[in-house]
Amino acid sequence: MAKAFFRLQKFLRRTQFLLFFLTAAYLMAGSLLLLQRTRLVIQQGSHGTSSNQALTVPDETPGVGMAEPRALQNPRPAPRLLVGMDALQEPALDQQHSPRWLVSRNSELRQLRRRWFHRFISNQEPMETAGFKVIKHTAEHKGTYIGCFTDDSRERTLKGAVFYDLRKMTVAHCQEACAERAYTYAGLVYGAECYCGNTLPATASRPEECNSECKGEKGSVCGGVNRLSVYRVEELRAGARRRRNVIYRGCFRAPENLTDTFPASLIQPNLTVEMCSEFCSKKEFPLAVIQGQECYCGYPTGRFSLREGADGLRCRGTRNTSSAAQGKYCLVYQTPVQDTRCTDRKFLTTKSKVFVALSSFPGAGNTWARHLIEHATGYYTGSYYFDGALYNKGFKGEKDHWRSRRTICVKTHESGKTEIEMFDSAILLIRNPYKSLMAEFNRKYAGHLGYATDRNWKSKEWPDFVNSYASWWASHVLDWLKYGKRLLIVHYEDLKQSLIPKLREMVEFLNVTVTEDRLLCVENNRDGNFKRSGAKQKDFEPFTQEMKDLINRYILTVDEALRGRNFTGLPREYVPR
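Each value, and the rule that gives it
Starting from 1, residues in each chain are numbered consecutively following that chain's sequence as written. Under the rules for a predicted model, residues below a pLDDT of 70 receive no local features and side-chain atom pairs below 80 are neither given nor counted, while totals for whole chains, interfaces and linings still include all residues. No hydrogens and no water enter the side-chain calculation; it runs on all heavy atoms of the structure. Strands qualify as paired when DSSP identifies two bridges or more between them. In this text, helices come from DSSP runs of H or I with a minimum length of four residues, and strands from runs of E with a minimum of two, each type numbered from the N-terminal end. Geometry is summarised by axes, namely lines fitted to C-alpha atoms with helices restricted to the contacting stretch, and by angles between N-to-C directions that run from 0 to 180 degrees. Note on contacts: a residue pair is in contact if any heavy atoms of the two residues lie within 4.5 Å. Any two cysteine sulfur atoms lying within 2.5 Å of each other are counted as a disulfide. Points on a 1 Å grid over protein atoms alone make up a cavity when a 1.4 Å probe fits among them but cannot get out, and a pocket when they form an open set with protein on both sides within 12 Å along at least five of seven lines; lining residues each have an atom within 4 Å of a point. Grid points are joined across faces, edges and corners, and a volume is the space filled by probe spheres set on the points. When residue character is reported, Ala, Val, Leu, Ile, Met, Phe, Trp, Tyr, Cys and Pro are called nonpolar, Asp, Glu, Lys and Arg charged, and the others, Gly included, polar. In the sections that follow, a salt bridge refers to a side-chain nitrogen of Lys or Arg positioned within 4 Å of a carboxyl oxygen of Asp or Glu. Only buried Ala, Val, Leu, Ile, Met, Phe, Trp, Tyr and Cys residues count toward a nonpolar core, and they belong to the same one when joined by side-chain atoms within 4.5 Å. Only protein chains enter the area calculation, which uses a 1.4 Å probe; residues under 20% of their type maximum are buried, those over 50% are exposed, and those in between are partly exposed. We call two N or O atoms a polar contact when they sit within 3.5 Å, provided that within protein one can donate a hydrogen and the other can accept it, with sequence-adjacent residues counted only if both atoms are side-chain atoms. These descriptions rest on fixed angle ranges, namely under 35 degrees for roughly parallel, over 145 for roughly antiparallel, 65 to 115 for roughly perpendicular, and the rest for oblique. By convention the crossing between two helices is left-handed if the near helix lies anticlockwise of the far one by an angle smaller than a right angle, and right-handed if it lies clockwise. Pairs were defined over the aromatic rings of Phe, Tyr and Trp, the Trp ring being its six-membered one, requiring ring centres within 6.5 Å. Orientation was assigned from the angle between planes: stacked under 30 degrees, edge-to-face over 60, tilted for the rest.

It is not clear to me how the sheet that holds strand β9 (residues 264-267) should be interpreted in this structure. Could you clarify?
Pairing between sheet strands relies on hydrogen bonds along the backbone, with the strands arranged either parallel or antiparallel. Taken in spatial order, the five strands of this open sheet run β8-β12-β10-β11-β9, and their pairing is antiparallel. At either margin of the open sheet sits one strand with a lone partner, and together these are β8 (247-253) and β9. Averaged over all pairs of adjacent strands, the angle between their axes in this sheet comes to 25°, without regard to strand direction. Note that β8 and strand β12 (residues 329-334) share six bridges and pair antiparallel. Opposite I247, over in β12, you have Q334 as the bridge partner.

In structure tokens, the structure reads:
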């Protein structure tokens, strides 16, 4: 017995020494790594990067919309090309603004820009959620509590407007959002998710099963696991909003058979826009169509696509049954209700075999493109970063690891050989640098939906921002052209102008088949939740002549590179202004 005890004591002493040694080695290795990183940062700040990292312009490659990797291996200097405007003369690109200087300078600033960009991301969430306290205190009602109901994610009854907030969700906030969209009921689940609708769920649950506390309001119940806390939305202040949220879509030629085209209808003497819109909203249809005393509700379809409007004069008599047009035209209004035919989204059931990037420069419309892709395909998009404000607006892929391959594509603003070659293919979204720079500057100082103040624009931050980010705009495209394995080039302006054809092209690139009605639904919900309201006009020109000269050279350089690879050049509106 004594011998066995001695062996055990000896083993424990050896184990204790081994653990002490491993701990000391771990701490020493961590210290050395920290010192090495610190030295590298100091060296980069004082010496920059070597010129042998400069990017050269590859040979032309066949194909119009895609580039294969083998075609980008043999670089050569590309001829200087025009952007395609007769008014422009051949650009005199000196050595200072050549692609070689551009990428060398960009490499030196890349670390600074990335730290700056990630700081924008981390600072943004408080901006987006700052309004919740206002809603909480200004909301004078909490509506009428209906009860606890079963929530079936596959057949959800409250499937109108949907949004999430993992930090600030309250009952009042959910009800306010549903009231603005003219819904009757607001339902909360998991303490952080809000759903709106006009029909109560079919299956009631026991009250104690709704036991999740609201993330932003202690003591309040916001549903539970697969359980909805349902409230009837009060009409207080909502009635005024309903009329404001009804949007006139225009005058259109009526389909041959209105009753077959539209699933709901109403005949009402002295029919008004408000009557028809309210009727269709209660039926949860996004379109209200008026012809004389008849009101029809429905969706945009192949038979009634809303793509070709008619002269508004033809609809002057549509409120009168004795119209000279004799029922050939109708007035169309957008109700506050969301078109829900394309709002169902999910993660891929099996891991994607092709790892696809949705790459763009910041401010180029990446979030908008994600909104379009998710609603068109029915699958979530991922992100190289995490943005809580985006997650709260329904981009659930934000929390999924970007390399999980459970999303249809992954948002990234990164450039550089290592980051690009991780992806098998990419949709490269390009936007006018003037617009991109202003959009990203607005986001930096006012979040996704706000505008920077005049004081921000006139501060020294703006020139520094342009000087750094303008080169990033150009090098981002050049890097993806050089290292991208398979590319689809999409210009933001073309997507905005011809949404369905361009979106169909993007969906086909992602190897997904969608119906025409789903694409029409996306077009009906085209703006999403991150469109700035209107264009805030400034009474001064934010770009100095020096800034314009710099940006214009980058525009010509990128256009030159795109045409050199047989891609379509930059749109005409990119032309130096």
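There is more to say after this.
Hey, could you run me through the sheet that holds strand β14 (residues 382-383) in this one?
Read from one edge to the other, the open sheet built from five strands follows the order β14-β15-β13-β16-β17, with strand pairing classed as parallel. Bordering the open sheet on either side are β14 and β17 (487-491), each of which pairs with just one other strand. Taken together, the two bridges between β14 and strand β15 (residues 410-412) define a ladder with parallel strand orientation. Counted as the bridge partner of S383 is K411 from β15. Against the sheet, helix α8 (residues 366-377) touches β13 (356-360), β14, β15 and β16 (425-430), its axis set at about 145° to β13.

Would you take a moment to explain the state of the cysteines for this structure?
Throughout this description, disulfide means a covalent bond between two cysteine sulfur atoms. The full count for this structure, using the stated rule, is eight disulfides. Each sulfur of the disulfide joining C148 and C210 lies 2.0 Å from the other. The chirality of the disulfide connecting C148 with C210 is right-handed, given an S-S dihedral of about 90°. One end of the pair, C148, is in strand β1 (residues 144-150); the other, C210, is in the loop between β4 (193-197) and β5 (213-214), with 62 residues separating them in the sequence.

Quick question: what am I supposed to make of empty space enclosed by the protein here?
The method is simple in principle: a probe with the dimensions of a water molecule rolls over the atoms, and the space it marks as empty is what remains. According to the stated counting rule, one finds one cavity of 30 Å³ or more in the structure shown. Computed from the structure, the largest cavity encloses a volume of approximately 40 Å³. Across the lining of the largest cavity, the residue classes tally to six nonpolar, two polar and one charged.

It is not clear to me how the pattern of salt bridges should be interpreted in this structure. Could you clarify?
Pairs can form between side chains of opposite charge whenever their charged atoms are close. Inspection of every chain in the model, using the stated rule, returns 18 salt bridges. Of the charged contacts, one joins E209 and R227 as a salt bridge, the two residues approaching to 2.5 Å between their closest N and O atoms. Separated by 18 residues along the polypeptide, E209 in the loop between β4 and β5 and R227 in strand β7 (residues 227-232) bring together distant segments of the chain. Of the charged contacts in the structure, one is a salt bridge between R345 and E374, with a shortest N-O distance of 2.8 Å.

Honestly, the nonpolar core in this entry has me stumped. Any pointers?
A general feature of soluble globular proteins is that nonpolar side chains tend to end up buried together. One finds I430, L437, W462 and W473 to be the most contacted residues of the largest nonpolar core, which totals 42 residues. Mapped onto this core, the elements with two or more residues apiece are β16, α11 (433-446), α13 (461-483), β17 and α17 (545-564). Broken down by element, this core gets its largest block of residues, 12 residues, from α13. Excluding residues that lie within four positions of it along the chain, I430 makes contacts with W473, V477, I489, V490, H491, Y492, E493, L562, L570 and Y574. The next biggest cluster of nonpolar side chains, apart from the first, holds 29 residues, and it includes C342, L429, V490 and L499.

Would you take a moment to explain helix α15 (residues 499-509) for this structure?
Every α-helix winds through 3.6 residues per turn, so residues three or four apart in the chain are directed the same way. Listed in full, the buried residues belonging to α15 are L499, I500, L503, M506, V507 and F509. Buried residues along α15 sit in contact with β13, α8, β16, β17, α14 (492-497) and α16 (516-524). Immediately beyond the C-terminal end of α15, within one or two residues, lies N511, with a positive phi of roughly 65°.

Explain unusual backbone geometry to me, please; I cannot follow it from the model alone.
One non-glycine residue, E284, lies in positive phi territory at about 65°. As for its placement among the helices and strands, E284 is situated in the loop between α7 (273-282) and β10 (287-291). A positive phi angle, close to 65°, is found at R405, a residue other than glycine. Checked against the element boundaries, R405 lands in the loop between α9 (388-392) and β15.

When you look at the environment of K353 in this model, what are you seeing that I'm missing?
Its location among the elements puts K353 in the loop between β12 and β13. Separated by 52 residues in the primary sequence, K353 and R405 have C-alpha atoms spaced 7.8 Å apart. If we ignore the near neighbours within four places in the chain, the residues touching K353 are R405 and D424.

Help me understand the side chain of E217 in this model?
Considering the arrangement of structural elements, one finds E217 in strand β6 (residues 217-221). Taking the relative accessible area as the measure of exposure, E217 reaches 9% and is therefore buried. From its side chain, E217 meets the backbone nitrogen of V171 in a polar contact 3.4 Å long.

Whenever I open this one, the packing of α15 against α16 confuses me. Can you help?
Any two packed helices are characterised by the angle at which their axes cross and by the distance between the axes. Following both chains from N to C, one finds α15 and α16 inclined at 120°, their axes separated by 10 Å at the closest point. Classed by the angle they form, the pair α15 and α16 counts as oblique. The chirality of how α15 crosses α16 is right-handed. Contact residues: α15 offers L499, I500, L503 and R504, while α16 offers E516, L519, L520, V522 and E523. Grouping the constituent residues of the contact of α15 with α16 by class yields six nonpolar, no polar and three charged.

Sorry if this is basic, but what is going on with the packing of α8 against α15 here?
Taken N-terminus to C-terminus, the directions of α8 and α15 make an angle of 75°; their axes are 11 Å apart at the nearest point. Put simply, α8 runs roughly perpendicular to α15. Across the interface between the two elements, W368, L372, I373, A376 and T377 of α8 pack against L499, L503, M506 and V507 of α15. When grouped by side-chain class, the residues that make up the contact of α8 with α15 number eight nonpolar, one polar and no charged.

Even after reading the chapter, I still don't get the environment of A192, so can you show me in this structure?
Here A192 lies in the loop between β3 (185-189) and β4. Judged by relative accessible area, A192 falls into the buried class, the value being 3%. Note: C-alpha distance between A192 and C222 (30 residues apart in sequence) is 7.1 Å. Ignoring sequence-local partners within four residues, the contact set of A192 consists of F163, Y164, D165, L166, M169 and K215.

What am I meant to see in the packing of aromatic side chains here?
Within the structure shown, the criterion is met by 26 aromatic pairs. Aromatic side chains W368 and Y492 sit 5.5 Å apart centroid to centroid with 65° between the ring planes, which places their arrangement in the edge-to-face category. Here the residue W368 occupies a position in helix α8, and Y492 occupies one in helix α14, the gap between them amounting to 124 residues. Aromatic rings pair up to connect F361, Y434, F441, Y445, W457, W462, F465, Y469, W472 and F543 into one cluster.

Looking at this model, I keep getting lost on the environment of C214. Mind explaining?
Structurally, C214 can be placed in strand β5. Spatially, the C-alpha atom of C214 lies 9.8 Å from that of D165, the residues being 49 residues apart in sequence. Those residues in contact with C214, other than ones at most four positions away along the chain, are M169, T170, V171, G191, S220, V221 and C222.

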